[in-house]
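Okay, here's what each chain looks like letter by letter:
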Number of protein chains: 2
Amino acid sequence: MVSQDEPDFSNDPYSWNGLTGWKSYRTLRPFRGMYWDVRRRLPYYWSDWRDGLNYRTLAGCVRIFFINLLPALAFELDMMRNTDGYFGINEALLSSALAAFVFSLFSCQPLTVVGITGLISLFNYTIFAITAEQGIRDLYPQFLAWCSIWAAITHWIAAACNWCDYMRYITDFSSNSFGFYVGIIYMVKGFQEIASTYYAVDDGNPRAAYLGVVIALCYFFSVWALESIGGTILFTPNIRKLLSDFAYPIATIFWTGFSHIPGHIKQADLPRVPHTRAFYPSVPRPGGVWLVDFWNLPVKWIFVTLPIGILITLLFYYDHNISSITAQAKQFPLKKPAGFHWDFFLLGITCFVGGVVGIPLPNGLVPQAPVHTDSVTEYVEVHARSREQWLDDGGERDESSGEGVQWIQHNNKKVEATKVNEQRVSHFLMCLAFVGLMAGPLLDVLHTMPRALFAGVFWIVGFTGLSAMNITQNWIYIFTEKRFVDPSDLRTGMKKWRIAYYTMFQFLGVAISVGLSFTRAAIGFPVVMIALIPLRWVILPRIFTEHELLILDAPTAEAEVVLASIGGRPTLPEVRLAEERRRQRGESGETAGSTHSGSEEAKAEGMRSREGFRDEEEREVEREKAEESKRRGVKADLITGHD
Amino acid sequence: MVSQDEPDFSNDPYSWNGLTGWKSYRTLRPFRGMYWDVRRRLPYYWSDWRDGLNYRTLAGCVRIFFINLLPALAFELDMMRNTDGYFGINEALLSSALAAFVFSLFSCQPLTVVGITGLISLFNYTIFAITAEQGIRDLYPQFLAWCSIWAAITHWIAAACNWCDYMRYITDFSSNSFGFYVGIIYMVKGFQEIASTYYAVDDGNPRAAYLGVVIALCYFFSVWALESIGGTILFTPNIRKLLSDFAYPIATIFWTGFSHIPGHIKQADLPRVPHTRAFYPSVPRPGGVWLVDFWNLPVKWIFVTLPIGILITLLFYYDHNISSITAQAKQFPLKKPAGFHWDFFLLGITCFVGGVVGIPLPNGLVPQAPVHTDSVTEYVEVHARSREQWLDDGGERDESSGEGVQWIQHNNKKVEATKVNEQRVSHFLMCLAFVGLMAGPLLDVLHTMPRALFAGVFWIVGFTGLSAMNITQNWIYIFTEKRFVDPSDLRTGMKKWRIAYYTMFQFLGVAISVGLSFTRAAIGFPVVMIALIPLRWVILPRIFTEHELLILDAPTAEAEVVLASIGGRPTLPEVRLAEERRRQRGESGETAGSTHSGSEEAKAEGMRSREGFRDEEEREVEREKAEESKRRGVKADLITGHD
C-alpha cells in the first residue's frame, strides 16, 4: 500500500507496542491519540482542498448527497410520526448541515460522511416513548438535550483516553453483522413508511397507499437497473458511469414527476413531505429560536439521562467508527492517514451542539460512508483478452505438450481502482447544499416529493447493503451447486456446515438486535453489537481453526495508513493460538500432535497440510486476493503456476 | 440432425424439384402434401403416446398448461370487455379444449400447441366494432360464424393446394418480426387490463386499480425471478428445473392467495374473473345450447364476410405455421417428421366448428408453441472445466512456447439439449384439464383470481418474447462497447450501421402492424406481416450482401425432418445471387470485377476475402454454430485452431 514517495506509516510513533509500566495504559496518557491524529493529517490539509477540484469529486458529490439526503428525510419522517411531530424536516437538514460543516472542515478523515442514521431515529423515538410512559412528555426536549450532553461528555472522555484503538479489532465478522442489521432495519422502515400511508389522512387513504407501493416498487427497480448498468458493457464507460452515479437523482426526479401526472394519479392525493417554515424549528421553542431550555430539567431526571447518554456513546462509538473504517476499507487504495480519536472528539462536539439546539444527533452513516469513498474513487475499466481452453470433466488434456489445444478467445472487462480522491470538497459542498435546502424555495421543492418514494429509498439502500454483506455471500455460496463453484474460491476447501455454523453466530447477533429494536429495550442494542467483537476475538478462535477464520474473516481495514491512528495492526488471536501450538509441537517433537487438546486442532493441522500453505505471508496474500475479487465481482486473479 | 437409426428425410418423395409441366404446379396436384404428411407421420403414432410417459412430459405439461391457460383467459377478458360480454370464460375454455382435443389426437405435429391468441381476440372485437357501426349489432354472432365458415373453406383450399410449402421461406427476419409484434401487443394488453380496472365498477375503483398494479408488478417479477433460477448454479439441477418449470403456477397461486388477505387488501374489492354457469355459453343462444343460427344472416352480409374470412385465413396461415415452425426450430433436436398441410387442414375444421358454435377460433400460439417444445425437451447440465489465460490488450504472450503460462481454472456449466419428448400426451392432458376447468367447482377456483394478475401474465409473456427476438439482440449488440464484444460473434466483422439498417426493415413491418392494430383496419395487419416474406426474399438480397444476410438471418427451421413436409430446403436468394456473380466473373475473367452492378457487390466480395471463408459449407457450419450459441446463451463453441 505504501508507495515510494508516500510516508511510511508502518512505524508510526503512535504505538503501544513494547511499552511497559504506566506508559502502556491508554487511559493514563490522555490526548496522545488525538495529538498524533492531527499531527499526522495536518500536512495534507491544503491538498485535501486541491485534490477535490476534478470531475470525479463533483459527480461523486451529487451521488452521495442524494444517498445522504433521502434516507435522512425518510428517517426524519419516521421520527416525526413517532414523536408527535417534535422532529421535522428542518431539524434533519440542520443536523446534516452541521455535521457536514464540522466534519468537512475539521475532521481528520473527511471521507466519512456524517448525518442522520436510522439508529438515532430509533433512539429518539424510543426515548420519546419512555418519557411519555413516565408522564414527562412535556420535558422530552430537555430530557433529550441532557442525554446528548452526557453523550458529548463521554465522547470526549473516550476520545481523550485513546479508546478508539479498540476499533482495530473490528473484523468483517462484526462490521458485516452490523451492516446486515442496519440493512434489515432499512427494509422494515420501508414497509412501515408504506403502511403509515394508510392512516396518513384522518379516514385513511388506501388508494394513495397502493399508488405509493407502486411508486416505491418502481423507484426500487429504477435505481437498481440504473446502478446495474455500470457493471455491463453497454454504451461507453462514461455513459455507464454517469447513469450509475446519477441513479438516485434520475429516479427521484422521474418518480416525483410521475406522482404529479394529472388525472387519476394526481387525484390519489399522495401524502407528501410536509411544508415547514424555513429556518425555524418544527415546534416553536420557548427559550429562543433553536436553543432548548435544558436547564429546566429537574435534577433527578438529569441523573436518569446519564445511562442513556452512555448508551448513545456506545452506539456512536461502534456506528461512527465502523462507518469510518468501512469508508477506508481494504478495497480502497488510500494514501492519506486516518484520525479516529480526533474525529470522535469532534463527534462529541456535534452531540453537544445538536443536543442543546434539539436536532437529531448526527454520526457516521453506515451503508453510505463506503459509498462516498467509492463514488470519489477513480476506476479504470481495463480491456483484457483471455484465451480459454475447455476440458471435459476432470480432463487434463494437453496440459504439458500444448499440441492441438483448442482455444476460445474472450474479451474481458476488468475494473481497477486507480486512485481515491481523498479530499474535503465533496463533503463541504454537501454542507452548502443542505444549507441551501433549508431556504424557502427549495423546501417547496422537497414538498413535491411523495412520501412513498422514501419507502423505495429504504428498500434500495437496505437491499444493496444486505446483498454486499458476507452473511449473504456465504449463504449464496452454501446454496451453490458444488461442481460449478469457482475453484479459486478458498471456501472450497471447507465443509459447508462450518460456513453455516460461522454465519450462525452473526445471525444470532443480528437477530437479537433486530428483536430488541422493536421493544423499549431498543436503546440497549449497541451492547449486543459491541459484544460481537469479544465474541470474535475470544470465543471464535476456539471454535474455528486458524485456516477457517483466515478465509471467512479478516480485519475490515488493513492499510497501515488507516491502522496507524488506532495503534497499528493487531495480531489475530487465531494466528497467535496456532503459533503457540506450532511452537509447542516444535518443542515436544512430532508425536505431540495427538496429545493436543482435541479434534479441532488436529483437523486444523490436517487442513493446513492439505492446502499446502507454505508460510504465513503467502497465505495472507492469497486470502487478500480472493477477498478482493469476491468484493469487486471481478474474475479472481488468483493464478496457479503452470508448467 | 439425421442419426443412423432414423429414416433420412433429405430425399423425401414429397418434392417439387426437377418437375416440369403441369406436374410442377402445386395447385394442380391437390392433397399431395396432405397425403405425404400423413404417410410420413403415421408410423410414429403409437410411439407418440409411449414417448409421453415420463416425468419431463408431465412437468412440461403443467408448465405449458399455465402458459396456455392464463393468456387465453386474459384475452377472453379483453374480448368480453370489447364485445359487450358476448365472449366469456366458457367460450375460452371450450375453444382451448376443442383445439387441444383435435390437435393432440389427429395432428401430424402435436408439439404445436393450439389455443386462443391475442390476434383472434383483436379480430373478434374489431369485427364487433364493424357490425356495431353498420347497425347490425344483433347479427354479430351470425356474422362472425360466416367469417369463420369462409375461413374454414379457404383453409381447406390452401391445405389441399399445398400452399403451406411457402412457409419454408420463413426466416428469422419475418418470424422474429412477428414475434416482436406479438410481444408488443401483449405488453399493451397488460396496460389495458390494468387501465380497465379503473372502470370495473360503476363509479371506478382506483384503489383496486393501484392494488392491481402492485399485484401485476409483483407477479411479473416473481415469474421472472423463478424462471431465472434455472440459469443459475444455485441448489441442485432438479430443484432449479422444478422452480423454473413451475414458475407460473407458483406465482399464480401465491398472488391469488395474496389478493385474498383479509383487511385492507380484501377490502380493496379487486375485480376478479367473472362467475359463469358451467358448460353454457355466456350469452344464451336462441337455436340450441351452443349452435349459432348462422343460417339467419341475410345474403348480402354473407358476401361481406368472405374477405374477412380470407383475412382470418391469411392470419392463421402465417400465425399458425410460424408457431409450428418455431416449435420445431433449429435449436430442438427433433427426430419425427412435421406435417404442415395436414395440420392446416385440421385447423380449417376447428375454424368451422368454432365458428358455428360461436367460440373464438383457436390457432397456433406464437410465444407459447416453442415453450411447449422447450418444456418437454430433456436438457443436461454438463460440468466442464476450462483453463483460462489472461493476456494484456492485444498481447500474444506465450502463444507458441507454452512456457511460464499462467492459468485460471474455472468450473463451467454447459446446457445441452439431449432429446425432445415428441409425443401427444402433454397436449392431450391439456385437453382434459380444459374440460375439467369447464366444470362448476373449478370455475369457482378461476373466479378467485384477480383480473390484475393477467396484466402480469401479459407483461411476463410479452417481455420474455420480446427479449428473445433478434431485433432486441441486435440492438443490444449495437449498444455494446466494441472492445468487450465476444470475438466469436460473427457480427464483429460488420459495420454497426448495417445491422441497424437491417433491423430497420423489421421495425418498419412491426410499426405498421402495431399502428394498424389500434384502428378498424386491424384485421388487415396479416397482409403487412406476410409482405415481409417477399421483402426478405426479393428486396433484401439486393441491399445486403450474402455475407451479411448469412450472419444476420437464417431459416427459422432447418432440420430436414421438418422441411420435408414443405418441399425441402430452399436455396437462399442471396446465395443464388452470389453464385451467379461468381459464375459470371469466372466466365469474364478477373478484370470483370469492376463491371459488376455496383459497389455493394464489390463490398461483398471484399468481405468474403477478408473473412477468408473457404467454401459454402464451412461458412454455413460457422454461422449455425454462432446462431445456436446466440440462442442458448451458452459460451460459443466456435473454436480456432491453435498450435
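Predicted, not measured: the structure shown is a model, and the values here were computed from it.

Some details on the overall build of chain A
Here is step 1 of the chain: If you tally the helices and strands in chain A, you get 25 helices and five strands.
Here is step 2 of the chain: Within chain A, buried positions represent 59% of all 643 residues.
Here is step 3 of the chain: As displayed, chain A has an accessible area near 25200 Å², and 64% of this comes from carbon and sulfur atoms.

A short note on the side chain of R491(A)
Here is step 1 of the chain: Checked against the element boundaries, R491(A) lands in the loop between α18 (470–479) and α19 (496–517).
Here is step 2 of the chain: Residue classification places R491(A) among the buried residues on the basis of a relative accessible area of 6%.

Examining the pattern of salt bridges
Here is step 1 of the chain: Summed over the entire model, instances satisfying the criterion amount to 56 salt bridges over all chains.
Here is step 2 of the chain: Residue R137(B) pairs with D84(B) through a salt bridge whose shortest N-O separation is 3.9 Å. Note that R137(B) is positioned in the loop between α5 (118–133) and α6 (140–160) and D84(B) in the loop between α3 (55–82) and α4 (89–106), a separation of 53 residues in sequence.
Here is step 3 of the chain: Each of R41(A), D48(A), D51(A), K336(A) and R424(A) takes part in one network of salt bridges that share partners.

Comments concerning the nonpolar core
Here is step 1 of the chain: By size, the foremost hydrophobic cluster in this structure holds 345 residues, and its most contacted members are F178(A), Y181(A), Y219(A), F178(B), Y181(B) and Y219(B).
Here is step 2 of the chain: Those residues in contact with Y181(B), other than ones at most four positions away along the chain, are L119(B), L122(B), V510(B), S513(B), V514(B), S517(B), F525(B) and M529(B).

With respect to the packing of helix α3 (residues 55–82) of chain A against helix α9 (residues 237–245) of chain A
Residues and elements named next belong to chain A.
Here is step 1 of the chain: Where α3 meets α9, the closest approach of the two axes is 9 Å, and the angle between their N-to-C directions is 35°. Listed contacts from α9 to Y55, R56, A59 and R63 of α3 are K241, L242, S244 and D245.
Here is step 2 of the chain: Residue composition of the contact of α3 with α9, grouped by class: three nonpolar, one polar and four charged.

Here's the deal with helix α12 (residues 299–327) of chain A
Here is step 1 of the chain: Compared with the 42 Å implied by 1.5 Å per residue over 29 residues, the 41 Å span of α12(A) between its first and last C-alpha is a close match.
Here is step 2 of the chain: Along α12(A), the largest kink reaches about 25° and is centred on L306(A); proline P307(A) follows within four residues of it.

Structural notes on the packing of aromatic side chains
Here is step 1 of the chain: Scanning all chains against the criterion turns up 88 aromatic pairs over all chains.
Here is step 2 of the chain: Arranged with centres 5.3 Å apart and planes meeting at 80°, the rings of Y35(A) and W36(A) form a pair that is edge-to-face.
Here is step 3 of the chain: According to the relative accessible area criterion, Y35(A) is partly exposed, its value standing at 45%.
Here is step 4 of the chain: Consider the rings of F254(A) and W255(A), whose centres lie 4.8 Å apart with planes at 80°: the pair is edge-to-face.
Here is step 5 of the chain: For W255(A), a relative accessible area of 10% corresponds to the buried category.
Here is step 6 of the chain: Residue placement shows R26(A) over the ring face of Y166(A); its charged tip is 5.6 Å from the ring centre.
Here is step 7 of the chain: K496(B) extends its terminal NZ or CZ atom over the ring of Y477(B), reaching a point 5.8 Å from the ring centre.

Brief notes about the state of the cysteines
Here is step 1 of the chain: Under the definition given, this model contains zero disulfides over all chains.
Here is step 2 of the chain: A disulfide-free cysteine, C218(A) has its sulfur positioned 10 Å from the sulfur of C218(B), the nearest such atom.
Here is step 3 of the chain: Take C351(A): it sits in no disulfide, and the sulfur closest to it among the cysteines is that of C147(A), at 11 Å.
Here is step 4 of the chain: C351(A) sits in the buried class, given a relative accessible area of 0%.

With respect to the confidence of the model for chain A
Reading predicted coordinates in detail is not appropriate for stretches of low pLDDT.
Residue and element names in this part refer to chain A.
Here is step 1 of the chain: Taken residue by residue, chain A gives an average pLDDT of 84. The fraction at 70 or more is 87%.
Here is step 2 of the chain: Throughout residues 590–616 the model reports pLDDT below 50, and contacts reaching past four residues in sequence, or to other chains, amount to 28 contacts.
Here is step 3 of the chain: Taken as a whole, residues 630–643 scores under 50 in pLDDT and shows 36 contacts with residues more than four places along the chain or in a different chain.

As for unusual backbone geometry
Here is step 1 of the chain: Within the chain, F235(A) stands out as a residue other than glycine whose phi angle is a positive 55°.
Here is step 2 of the chain: Tracing the sequence through the fold places F235(A) in the loop between α8 (206–229) and α9.

Thoughts on a nonpolar patch on the surface
Here is step 1 of the chain: On the surface, I153(A), I157(A), W163(A) and Y166(A) cluster together to form a nonpolar patch covering roughly 340 Å² of accessible area.
Here is step 2 of the chain: Looking at the secondary structure, you find W163(A) in the loop between α6 (140–160) and α7 (172–197).

Details of the UniProt feature "domain: Bicarbonate transporter-like transmembrane" (unreviewed entry) in chain A
All names here are of chain A.
Here is step 1 of the chain: Those places that UniProt annotates as "domain: Bicarbonate transporter-like transmembrane" (unreviewed entry) correspond, in this numbering, to residues 29–198, 206–385 and 414–555.
Here is step 2 of the chain: A distance of 56 Å separates the end C-alpha atoms of residues 29–198, which is 74% helix and 1% strand.
Here is step 3 of the chain: Taken as a whole, residues 414–555 contains 68% helix and 5% strand, while its terminal C-alpha atoms sit 25 Å from one another.

With respect to the side chain of D12(A)
All names here are of chain A.
Here is step 1 of the chain: With respect to the secondary-structure elements, D12 resides in the segment before α1 (32–41).
Here is step 2 of the chain: One polar contact links the side chain of D12 to the main-chain amide nitrogen of Y14, over a distance of 2.9 Å.
Here is step 3 of the chain: At a separation of 2.9 Å, a polar atom in the side chain of D12 contacts the side chain of R40.
Here is step 4 of the chain: Not counting residues within four places of it along the chain, the set of residues in contact with D12 comprises R40 and A564.

Conventions we followed
- Residues numbered from 1 in each chain as written.
- Chains lettered and ligands numbered in written order.
- Predicted model: local features only at pLDDT ≥ 70, side-chain atom pairs only at ≥ 80, totals over all residues.
- Heavy atoms only, no water.
- Helix = DSSP H or I, 4+ residues; strand = E, 2+ residues; numbered from the N terminus.
- Buried < 20%, exposed > 50% of the residue type's maximum accessible area, 1.4 Å probe, protein only.
- Areas by Shrake-Rupley, 256 points an atom, 1.4 Å probe, with all protein chains shown as cover.
- Salt bridge = Lys/Arg side-chain N within 4 Å of Asp/Glu carboxyl O.
- Core = buried A, V, L, I, M, F, W, Y, C linked by side-chain atoms within 4.5 Å.
- Contact = heavy atoms within 4.5 Å.
- Axes fitted to C-alpha atoms, helices over the stretch in contact; angles between N-to-C directions.
- Nonpolar A, V, L, I, M, F, W, Y, C, P; charged D, E, K, R; others polar.
- Expected span 1.5 Å × (residues − 1).
- Bend = angle between axes of the 7 residues up to and from the residue.
- Phe/Tyr/Trp six-rings, centres within 6.5 Å; stacked < 30°, edge-to-face > 60°.
- Lys NZ or Arg CZ within 6 Å of the ring centre and 35° of its normal.
- Disulfide = S-S within 2.5 Å.
- pLDDT = per-residue confidence, 0-100.
- Patch = residues over 30% accessible without salt bridge, like charges linked within 9 Å, V, L, I, M, F, W, Y side chains within 5 Å.
- UniProt positions renumbered as here; feature names shortened; annotations may be inferred.
- Polar contact = N/O pair within 3.5 Å; in protein donor to acceptor, adjacent residues only side chain to side chain.

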